[in-house]
Amino acid sequence: MMGFVLRRLLQMIPTILAVVLIIFFIFSVVPGSFLTSLMSEGRNMTNADVLAQMNAQFGLDDPIPVRLWNYVSGLLQFDLGISYRTREPVTSVLAPRLWPSIQLAIAAMTFAAAVGIPLGFMAALRPGSLFDSLTMVTAVSGLSVPEFWLGLLLMYVFALQLGWLPSFGYQENSLRHLILPAVALGVSPMALLARTTRAGVLDVMNADFVRTARAKGVSEPRLVRAHITRNVLVLVLTTMGLQIGSLMGQAIVIEKLFSWPGIGSLLVDSVSVRDIPVVQGAVLVIVLWFLVINMLVDIAYALIDPRIKVA
Amino acid sequence: MRFNFMFGLFLVSIVVLAALLAGVLAPFDPIMDADLMSSELPPGAPHWMGTDAQGRDVLSRILYGARVSLLVGVVSQLINSTIGAALGISAGYFGGVWDDFVNGLTNVMLAIPSLVFALAIMAVLGPGLPSLLIALGLTNWSWTCRIARGSTLSLKSQSFVLAAKAAGFSDWNIMRTQILPNIVGPLLVIGTLGIGSAVLAEAALSFLGIGIRPPTPSWGNMLTDARELLRTAPWAAIFPGLAIFVTVLGFNLLGDGLRDMLDPHMRTRRA
Amino acid sequence: MNHGQRHDANPDPILSVRDLRVQIGRKGPQILHGVSLDILPGETYGLVGESGSGKSVTGLSIMGLLKRPLNVSTGTIHYQDQNLLKLGPRARRRLRGDLIAMIFQEPMTALNPVASIGTQIAEMFVIHRGMDWTTARQRAVEALDSVQVPSPEERARAYPHQLSGGMRQRVMIAIALACRPDLLIADEPTTALDVTVQAGVLKLIDELCRAEGTAVLLVSHDLGVIANMCQRVGVMDRGRLIEEQDTAALFANPLHPYTRGLLAARPRLGSRVEGGRKRLTELDEIVPQGARGHDSPTLVTPREVRARATGAPA
């Protein structure tokens, strides 16, 4: 088992390196730096001495390979560079943003699972029924709706009209602030889970071993509970895991809409002022989150499904 | 589910017609007819979807916005499909180091959420239509590539491809005339679904202020303004979002319907 | 390999099927056109026929496991003195596995992939005998031992994918016979298995059922299997039982033209195929046109045949 985990960890390294390279080159090769963008915004940066001093401070005078080398070797010591805007280390800019983002992702997934899995299950138990059709309509709608529009609508109804929930902002340990953004973000994974669960249950119900269980005299409730659920669980957990992994990236618009102080809104803000080290750091965090969750899903998969060899 | 396909086709046709006929159908100019005297009017004649903060007609702006959405959706997906198909087919066909490289690249692309990637590219290129086409066209080809590669691998060893090889066709010719036509179906399905995601992504980037810049109307940037008006003029938020929803729903249904029609296995599973 | 006791005292049948008709949906085509057969206690009854002749559907009907849209339209299935088709779903379920058990053709997919072998056997004792899981698992190991699975304690902890096809079919037999049923329905139990393990599995079924006095309804398209295992044989063709005889009599003197075709189509060990393909008998060529007509297959009794042969009215 430890060997399996270790191998999965090692497999992540080339991907991470490639991501770092891609992000680095996108921002290095193309003309127009943070400093010139500051100047274009009319800030008091036109002084050539100041410019030269800043270029030296951020190492922008060095040739690209040197800068890349410096960046990667810094990375190995968990040094992501210094924010152009705040002059703080990027790690300390990112750190406070991490927990709100994780909170949002988990809350959205909780909503998605709590609604999507039962919906898919019940739809599959009565295929072709009105309930089934309605669930599938809900699912395809959930996958088509722009989540920030849904967020706006939720904001309008539950915050502005009914006044039940705050319309935006973040407070530590405040569930009330979490609900609207989590629901808006959770609708698309909810729809996907409903679809996956339904397809999975239908698939399993037609499997030979379900006929065997019936021939054994297993009751229908026990059949669903002990035989079908366990087999569908593998599929559902995989989908859930992959969704949580990509939720941090999907959340950027919702975070911005609800003024949620997560990685996503940090990314958007840093992009608009070209604070490249922070942008790189934020992208790296989002990718790492995806990769780590994927790895955990693989491990969980191996634990649940005896067919996967863990050697 | 033939119904899916027909309904999707219906929705998409409406949007295409709206985009083509925006100049004829729109009762007002989407940009120039700003009139602060008639700002934030609720829906009713002559502004059937109300007006925004600058007094511009929401309906007219939505009709013109359809042009931007469809243009970005279709063109960027075409770029994605081309990249994905080219990489996928060549990787599956040639195998070896090239295949490993493409595979690795695809895994990296899957790890970076495409919206995040597009955001980063937009940050470098700056806002505007051309940057949007590039940013969205370069970031969402990984699924196309995977499908193309997988299908090519299974086609490669089939007799008609081997026969073409034996007949001395060049690799390029075989890929173009023997393999590509046989994987057009799945590519079409992914492409159709991809247009939907591209429309969503364009709206999201424009909403964040780094896509289509105002005053050019785009459904996404209309929602940016609408956020501030939510209390006083909710219609300015409802209708543009509805337009995005209907468009994406149309392409998703169309894609699902196509898949059901092309893949009999999936159809029986649903029945 | 025949069972010791024959139906000498002509005991009451353990299972009695009368005029069983199965169709697709309410108004769809019929699959079974009135099948009637009796299974005597402890006997092995073979049901042969081509695929699609309704052998498996007959077995599944007895179990009450027909999948929609298939359903029984008329007929009776008497087990002891109750009509199974009149029983409620609960009562039917209690019988299933406990008194009437079934094993299937596909051992690769017939077991739950995410439950251990031991659990799947133990489940029988839990649902039908009300045992707790700990005791049931111990009994499961014994059951594995009785189907001659080597190192049963270890195998009980294994999962289906870790076992070979033959081993899995032994597990299926252990499950089916766990509660010592009166009747075992074996639907092509060895068809999907490697030829080398087929004989062993059949021998196991035969021995265990003989020891417990369990009657077997053996569904197979393989006449060799039927000849070795069964006392009596029923021949099915397109949803009808067209002939029923003692095994020896059937092979010596097939009455129905279709049966003769079936026997002729059987590749015999040692018989050389001459002139390639042409010599392999196709059923359609052998069976006379009339006999393959749509509603021609009827049950032929020895008396009828004699009557036909002598030209006298039946």
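This text goes with the structure placed above it.
Heads up: these notes are all about the structure in this document. From a predicted model like this one, the values you see are computed outputs, not experimental measurements. (Residues numbered from 1 in each chain as written. Chains lettered and ligands numbered in written order. Predicted model: local features only at pLDDT ≥ 70, side-chain atom pairs only at ≥ 80, totals over all residues. Heavy atoms only, no water.)

What about the overall build of chain A?
So, point 1. A tally of helices and strands in chain A yields 13 helices and zero strands.
So, point 2. Along chain A, helices (α) and strands (β) appear in the sequence α-α-α-α-α-α-α-α-α-α-α-α-α when read from the amino end.
So, point 3. Among the 311 residues that make up chain A, the fraction classed as buried is 55%.
So, point 4. For chain A, the proportion of contacts with a sequence separation of at least 24, taken over those separated by at least 6, is 74%.
So, point 5. A total of about 13600 Å² of accessible surface is found on chain A, and carbon and sulfur atoms cover 67% of it. (Helix = DSSP H or I, 4+ residues; strand = E, 2+ residues; numbered from the N terminus. Buried < 20%, exposed > 50% of the residue type's maximum accessible area, 1.4 Å probe, protein only. Contact = heavy atoms within 4.5 Å. Areas by Shrake-Rupley, 256 points an atom, 1.4 Å probe, with all protein chains shown as cover.)

Re the packing of helix α9 (residues 208-215) of chain A against helix α10 (residues 220-250) of chain A
Residue and element names in this part refer to chain A.
So, point 1. Contact geometry of α9 with α10 gives a least axis separation of 11 Å together with a crossing angle of 155°. One finds that α9 runs roughly antiparallel with respect to α10. As α9 runs across α10, the sense of the crossing is right-handed. Here Phe209, Val210, Ala213 and Arg214 of α9 come into contact with α10, specifically with Glu220, Leu223, His227, Ile228 and Asn231. (Axes fitted to C-alpha atoms, helices over the stretch in contact; angles between N-to-C directions. Parallel < 35°, antiparallel > 145°, perpendicular 65-115°, else oblique. Left-handed = near helix turned anticlockwise from the far one by under 90°.)

Digging into the sheet that holds strand β10 (residues 240-246) of chain C
Residues and elements named next belong to chain C.
So, point 1. Taken together, the six strands give an open sheet; going across it, the order is β6-β7-β8-β3-β9-β10, and neighbouring strands pair in mixed fashion. Among the strands making up the open sheet, the edge pair consists of β6 (100-103) and β10. Strand-to-strand twist of the sheet, defined as the mean angle between neighbouring strand axes without regard to direction, takes the value 20°.
So, point 2. In this sheet, strand β8 (residues 215-219) lies alongside strand β7 (residues 183-187) in parallel orientation, the contact comprising five bridges. The partner of Ile185 across the bridge, within β8, is Leu217.
So, point 3. Its contacts with the sheet put helix α1 (residues 55-63) on β3 (44-48), β6, β7, β8 and β9 (232-237), and the angle it makes with β6 is roughly 145°. (Pairing = 2+ DSSP bridges.)

Overview of the side chain of C:Glu188
All names here are of chain C.
So, point 1. Turning to its location among the elements, Glu188 is positioned in the loop between β7 and α7 (195-212).
So, point 2. Residue Glu188 is classed as buried on the basis of its relative accessible area of 6%.
So, point 3. Once residues lying within four places of it in the same chain are set aside, the contact partners of Glu188 are Lys55, Phe104, Gln105, Val219, Ser220 and His221.

Here we look at the packing of aromatic side chains
So, point 1. Counted according to the given criterion, the structure contains eight aromatic pairs over all chains.
So, point 2. Centre to centre, the rings of B:Phe7 and B:Phe10 are 6.2 Å apart; their planes meet at 25°, and the pair counts as stacked. Linking B:Phe7 with B:Phe10, this pair stays in helix α1 (residues 2-20), spanning three residues, or about one helical turn.
So, point 3. Judged by its relative accessible area of 47%, B:Phe10 falls in the partly exposed class.
So, point 4. With a centroid separation of 5.8 Å and an interplanar angle of 25°, the aromatic rings of B:Trp98 and B:Phe101 are classed as stacked. Taken as a pair, B:Trp98 and B:Phe101 lie in helix α4 (residues 96-111) at a separation of three residues, close to a single helical turn.
So, point 5. A residue is classified by how much of its surface remains accessible, and B:Phe101, at 47% relative accessible area, is partly exposed.
So, point 6. Grouping aromatic residues by their ring pairs yields a cluster made of B:Phe3, B:Phe7 and B:Phe10.
So, point 7. If you follow C:Arg139 out to its NZ or CZ, it ends over the ring of C:Phe125, 4.7 Å from the centre. (Phe/Tyr/Trp six-rings, centres within 6.5 Å; stacked < 30°, edge-to-face > 60°. Lys NZ or Arg CZ within 6 Å of the ring centre and 35° of its normal.)

Scope: geometric values only; no functional claims are made or implied.
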